[in-house]
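Chain and residue survey
Listed here are the chains, written in short residue letters.
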Amino acid sequence: MDLGLRGKAALVTGSSRGIGRGVALELAREGCRVALCARGKDALDSAVAEVRALGVETIAVPADVTTVDGIREAVEAALTAFGAVDVLVNNVGGSTGSSFLETSEEDWQRAVDLNLMAAVRASRLVVPSMRARGRGAIINIVSIYGREWGGSYVRRPTYIAAKAAEIGMSKALAMELAPFGIRVNAVAPGSIVFPGGGWERRTREDPDGIARFLEADLPLGRFGRPEEVGRVVAFLASDAASLVLGACLNVDGGQSRALF
């Protein structure tokens, strides 16, 4: 399906591996020019090579986008290379700390910076140019665990709270920016497996426990894959999703137990 994204410019944060890499590849398959950014240069260069092999213009920005300077560097590089950012995918994120009583003040702040503030800062930097052109799409990668308790394996309150805040921000931003032709939505993945990721490590360390987890918590009996998230993001970035605004779409194979 041609989503009409050919020639559009996209910036995907945290895109050297996992979901971010999967999103970048799917956007490239639709013909988007893609700016990838991440802290690790080697992994970033590898991801850029894969995206570039699909025949689209691609740039790499080694930067820590959880910092003010890092995200500014990434956005400015994308604007310089492409002249615009039509699609912003705020993917960078992660969890810190452990249980509530054992999590430090610094861990809480780090979780907010990793998840909520990284998306806030990137959005603030791209919105002025989107507003000037009267169009744009922002997709925030959140989590089903921003909508409900994390179950057997994901119990860190910092992650749940930060992702819930990011979902709330997405909705508020969608309402504010809609009059300017900018659509904001969120995508909430379930448990996604990829090389070097947490679910791969847990499967290696506790295969029996993971087998029970898959049977009990994932109706399809398997983990999701990054490209499955990427396809939904590409849809939301396109005019095919022109009436989708302020939504938070689960991509979890039925893993979530929440009704809303």
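Notes on the structure in this doc start here. Here the structure is a predicted model, which is why all the values come from computation and not from measurement. (Residues numbered from 1 in each chain as written. Predicted model: local features only at pLDDT ≥ 70, side-chain atom pairs only at ≥ 80, totals over all residues. Heavy atoms only, no water.)

Using the criterion set out here, one finds 4 aromatic pairs in the structure. Aromatic pair W199 and F213: ring centres 5.0 Å apart, planes at 10°, arrangement stacked. Placement of W199 in helix α6 (residues 198-205) and of F213 in helix α7 (residues 207-217) is noted, with a sequence separation of 14 residues between them. F213 sits in the buried class, given a relative accessible area of 5%. Through a chain of ring-to-ring contacts, the aromatic side chains of W199, F213 and F223 assemble into a single cluster. (Phe/Tyr/Trp six-rings, centres within 6.5 Å; stacked < 30°, edge-to-face > 60°. Helix = DSSP H or I, 4+ residues; strand = E, 2+ residues; numbered from the N terminus. Buried < 20%, exposed > 50% of the residue type's maximum accessible area, 1.4 Å probe, protein only.)

Take the pattern of salt bridges next. For the structure on display, the rule yields 12 salt bridges. Among the salt bridges present, the one from R257 reaches D217, with a minimum N-O distance of 3.8 Å. On the criterion of sequence distance, the pair formed by R257 in the segment after β7 (248-251) and D217 in helix α7 is long-range, its members being 40 residues apart. Here the residues in one salt-bridge network are R222, R225, E227 and E228, joined through shared partners. (Salt bridge = Lys/Arg side-chain N within 4 Å of Asp/Glu carboxyl O.)

Turning next to the sheet that holds strand β3 (residues 58-62). Spatial strand order, β3-β2-β1-β4-β5-β6-β7: 7 strands in an open sheet with parallel pairing. Strand pairing shows two members of the sheet lacking a second neighbour, β3 and β7, which therefore form its edges. Pairs of neighbouring strands in the sheet enclose a mean axial angle of 20°, with direction left out of account. Pairing geometry for strand β1 (residues 9-13) and strand β2 (residues 33-38), over 5 bridges, is parallel. Across the sheet, V12 pairs through a bridge with L36, a residue of β2. Set on the sheet, helix α5 (residues 157-177) makes contact with β4 (87-90), β5 (136-141), β6 (182-189) and β7; between it and β5 the angle comes to about 165°. Packed onto the sheet, helix α8 (residues 226-237) meets β4, β5, β6 and β7 and runs at close to 165° relative to β6. (Pairing = 2+ DSSP bridges. Axes fitted to C-alpha atoms, helices over the stretch in contact; angles between N-to-C directions. Contact = heavy atoms within 4.5 Å.)

Before going further, it helps to spend a moment on the packing of helix α1 (residues 18-29) against helix α2 (residues 41-52). Contact geometry for α1 and α2: axes closest at 9 Å, N-to-C directions at 20°. In terms of orientation, α1 lies roughly parallel with respect to α2. Judged by the twist between their axes, the crossing of α1 over α2 is right-handed. Contacts between α1 and α2 pair R21, A24, L25 and A28 from the former with A47, E50 and V51 from the latter. (Parallel < 35°, antiparallel > 145°, perpendicular 65-115°, else oblique. Left-handed = near helix turned anticlockwise from the far one by under 90°.)

Geometric values such as these leave the question of function open.
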